[in-house]
Amino acid sequence: MDDEFRPVLGEAAALAGRWLDGVRDGAIPPTADVESVKDALGRRLPEHGPAATDVLTHLASAVEPGLIRMHSPRFHGWVIGGAQPVALGADWLVAAWDQNSALRSVTPGVVAAEELAAEWLLDLLGLPGGAEVGFVTGATVANLVGLICGRDESLRRAGWDARTDGLAGGPRVRFLVGAERHGSVDSAAVLAGLGAGRAVAADDQGRMRVDALREALADGDGPAVVALQAGNVHSGAFDPLADAIEVAHAAGAWVHIDGAFGLWAAAAPGLRHLTEGMAAADSWATDAHKTLNVPYDSGVAVVADPGVLHGSLAQHAAYLAAYAGASDPEDRVPELSRRARGVPVYAALAQLGRAGVAGLVQGLADAATAIADGLAGIPGAHVLNDVVYTQVCATFGDDERTRRVGEALRAGGVALASPSAWHGRAVLRFSVSNWLTDAAEAARTVQAVREAVAATA
């Protein structure tokens, strides 16, 4: 290794190792806010900077007090996974290799790893083998890819070429979403020019009602895109995918599935029933960070018809050395310049294998069940959802008491749940997304909650 790199990467590895030493037992909340971290970093750009190793040492010292241990096995906020060691190592290699993985003929090494990862993902998730996969930044952009493809194909069937003529002047595309869809679907729809979707009624677990979808589709005509959900962020519930897809397709609609963390249920035999029928959809979105536990920047967009995907997203320029006879990575995503973000996915799948992925996903669901069962034994606690996957929503009395329990839990530093509101009530959400969260860690979470409840009595 060049002497310019060796000391810098050695220092980075040492600092990263020090941070990772606290994964299991370090306090979770940050102890510094943004402004104090800026003060510690130094607010003025120096005229002449110090040595690279000194910059890294100072950076870690100043920033770490402002970091939250999202990789803790007892961090249950939002839907956030950790990073398996092999995936983290692969991510470091991706940065060191520094490849722009847009073209097969230019960077065949990383493209080969990404394409194998894509093939394995389709197999594990039970999606059509002829589908095409694009690796994007996260689930929001993965949803965007599916919705753009749905928009363009729906308009094409109606005789309008959005790629050539734009959207203005063309037929209106009806967009139907579940009443409890995730906000990333709304964001993606706005970017895709679909606007606010028509909300279709959901049941008490957040599952779209098929009868309501049928009525909504019948109330109008013309191009339509339907967004379904695999994994409700509060309950973990899945829309009735098979029936909803059948109804949508009968009306001529494109069907997209937002499965940011839920699509992975298809990889576990004990959970696969939750995704029954989803392979009949037209596009899917997920995030390998949330459930496979690879580092961030790991969204996965899947489109059943490669021609539609390429027609919507492929870039063409004379200077690009396109590969004859096969699509390039840049044909599958909105970007041209991008890191080889599919390589950590390859590494995680290669180490885990089929059985390992199934065990990982099932283990997350089992830990969620253990947390729910433990909470049920705490006086005043009430689990609101049917725990079918990895999400637990609980109350601890009235709204104010629930919020105080959440604050006490955060202050304790041992475990963290994210506050939210569901069905008009304040709740604490326990999302189990970390590969290290096993029965023992679930028990530690429950004990931390028990102590938080006692502290607010």
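The paragraphs below set out a description of the structure included in this document. A quick note: this is a predicted structure, and the numbers were derived from the prediction, not measured.

## Side note on the packing of aromatic side chains
The full count for this structure, using the stated rule, is four aromatic pairs. Between F238 and Y389, the aromatic rings sit 5.5 Å apart at their centres with planes inclined by 80°, giving edge-to-face as the arrangement. Taken together, the residues span a long stretch of sequence, with F238 in the loop between β5 (224–229) and α10 (241–250) and Y389 in the loop between β9 (382–383) and β10 (391–395) at a distance of 151 residues. Residue class for F238 comes out buried when judged on its relative accessible area of 6%. Cluster of aromatic residues (ring-pair linked, three or more members): F238, F261 and Y389. Against the face of W19 rests R69, its NZ or CZ located 3.9 Å from the ring centre.

## Considerations on empty space enclosed by the protein
Taken as a whole and judged by the stated rule, the model has two cavities of 30 Å³ or more. Put simply, the largest cavity is a space of about 40 Å³. In terms of lining, the largest cavity is formed by G178, A179, E180, R181, G206, M208, A227, L228, Q229 and D239. Here the element with the most residues in the lining of the largest cavity is β5; it accounts for three residues. Here the residues of the lining of the largest cavity sort into four nonpolar, three polar and three charged. Each pocket or cavity is described by its volume, and for the second largest cavity that value is around 30 Å³. Lining the second largest cavity are V79, F261, K290, T291, L364, Y389, T390, V432 and S433. Each residue belonging to the lining of the second largest cavity can be placed in one class, and the counts come to five nonpolar, three polar and one charged.

What counts as what
Residues numbered from 1 in each chain as written. Predicted model: local features only at pLDDT ≥ 70, side-chain atom pairs only at ≥ 80, totals over all residues. Heavy atoms only, no water. Phe/Tyr/Trp six-rings, centres within 6.5 Å; stacked < 30°, edge-to-face > 60°. Helix = DSSP H or I, 4+ residues; strand = E, 2+ residues; numbered from the N terminus. Buried < 20%, exposed > 50% of the residue type's maximum accessible area, 1.4 Å probe, protein only. Lys NZ or Arg CZ within 6 Å of the ring centre and 35° of its normal. 1 Å grid on protein atoms, 1.4 Å probe; cavity = no way out; pocket = protein on both sides within 12 Å on 5 of 7 lines; lining within 4 Å. Points joined across faces, edges and corners; volume = space filled by probe spheres on them. Nonpolar A, V, L, I, M, F, W, Y, C, P; charged D, E, K, R; others polar.

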